[in-house]
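Report on the structure
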Amino acid sequence: MAETMQARFRITERDYVRAGAVFARPTPRFWAALALFVVLGLGLAVWGPHHQRAAAFGGVAGGLIGGAVVWFGVQPWLLRRHYRQYKAIQQEQVVTLRDDGVHFTSADGEARLGWDRILKWRHSPDYVLIYPMPRLYHLVPATVAAQGFDLERLKDALARHVGPAV
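Residues numbered from 1 in each chain as written. Predicted model: local features only at pLDDT ≥ 70, side-chain atom pairs only at ≥ 80, totals over all residues. Heavy atoms only, no water.

So, about the side chain of T96. Its place among the elements puts T96 in strand β2 (residues 93-98). With relative accessibility at 4%, the residue T96 sits in the buried group. A polar contact is formed between the side chain of T96 and the side chain of Q6, at a distance of 3.0 Å. Once residues within four sequence positions are removed from consideration, T96 is found in contact with T4, M5, Q6, G101, V102 and H103. (Helix = DSSP H or I, 4+ residues; strand = E, 2+ residues; numbered from the N terminus. Buried < 20%, exposed > 50% of the residue type's maximum accessible area, 1.4 Å probe, protein only. Polar contact = N/O pair within 3.5 Å; in protein donor to acceptor, adjacent residues only side chain to side chain. Contact = heavy atoms within 4.5 Å.)

Here we take up the layout of surface pockets. If you add up the space inside the largest pocket, you get close to 820 Å³. Taken together, 33 residues make up the lining of the largest pocket; nearest its centre are Y86, I89, L136, Y137 and H138. Every element with two or more residues in the lining of the largest pocket is listed here: α1 (13-23), α3 (50-85), β3 (101-106), β4 (109-114), β5 (120-123) and β7 (136-141). Residue contributions to the lining of the largest pocket peak at five residues, all from α3. Here the lining of the largest pocket is built from residues that sort into 19 nonpolar, nine polar and five charged. Size it by volume and the second largest pocket reaches roughly 310 Å³. If you go around the second largest pocket, the residues you meet are A24, P26, F30, W31, L34, G63, L64, G67, A68, W71 and F72. Among the elements that make up the lining of the second largest pocket, the one with the highest residue count is α3 (six residues). Split by residue class, the lining of the second largest pocket holds nine nonpolar, two polar and no charged. (1 Å grid on protein atoms, 1.4 Å probe; cavity = no way out; pocket = protein on both sides within 12 Å on 5 of 7 lines; lining within 4 Å. Points joined across faces, edges and corners; volume = space filled by probe spheres on them. Nonpolar A, V, L, I, M, F, W, Y, C, P; charged D, E, K, R; others polar.)

On the surface, I65, V69, V70 and V74 cluster together into a nonpolar patch covering about 330 Å² of accessible area. Along the chain, V70 falls in helix α3. (Patch = residues over 30% accessible without salt bridge, like charges linked within 9 Å, V, L, I, M, F, W, Y side chains within 5 Å. Areas by Shrake-Rupley, 256 points an atom, 1.4 Å probe, with all protein chains shown as cover. Salt bridge = Lys/Arg side-chain N within 4 Å of Asp/Glu carboxyl O.)

On to the sheet that holds β7. Spatial strand order, β5-β6-β7: three strands in an open sheet with antiparallel pairing. Both edges of this open sheet fall to β5 and β7, since each of them pairs with a single strand only. Taking the axes of each pair of neighbouring strands and ignoring which way they run, one obtains an average angle of 20° across the sheet. Along the sheet face, α1 touches β5, β6 (127-133) and β7 and points at about 65° away from the line of β6. Packing against the sheet, helix α4 (residues 151-161) makes contact with β5, β6 and β7, and its axis sits at approximately 35° to β6. (Pairing = 2+ DSSP bridges. Axes fitted to C-alpha atoms, helices over the stretch in contact; angles between N-to-C directions.)

In this section: the pairing of β3. Where β2 meets β3, six bridges bridge the pair, whose relative direction is antiparallel. Bridging from a neighbouring strand, Q93 pairs with S106 of β3. Where β3 lies against β4, six bridges are found, and the strand directions are antiparallel. Pairing of S106 across the sheet is with G109, part of β4.

Note that all results are geometric; they support no functional claim without further evidence.
This is the structure in structure tokens:
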């Protein structure tokens, strides 16, 4: 059996908001659909029937502006509010990397995620998100590296057992 790694951490409000942005990061499929929407909308705005041009341009502009407002304004505001209400996320947590998976422990409980129970994972330079369900993830901040927790080893194990990051 290989040596286990363990680290203690607290998720800050900043961590929670920034990890929420990693969670919501658009996929290549989303970008392709958005590009198609913009191209078709602009095509209709330029070459479509005269009475539909303004509506097509307004739809494209409104969609892009609305998406930006949600991404840069509404989402961070909601995440900050959720963090303040979600007292359990503010407690100290422990992450342990073992041969059989990743374990998370806090004062309220424990989550043992065997490799076969991890649906997917995602990462950024500051966080690793581990998903046992499509919209539920465990957050490992990169700050655990200061305690000797090898994030690259965690990412390598996830890639080997779960597949590439999404």
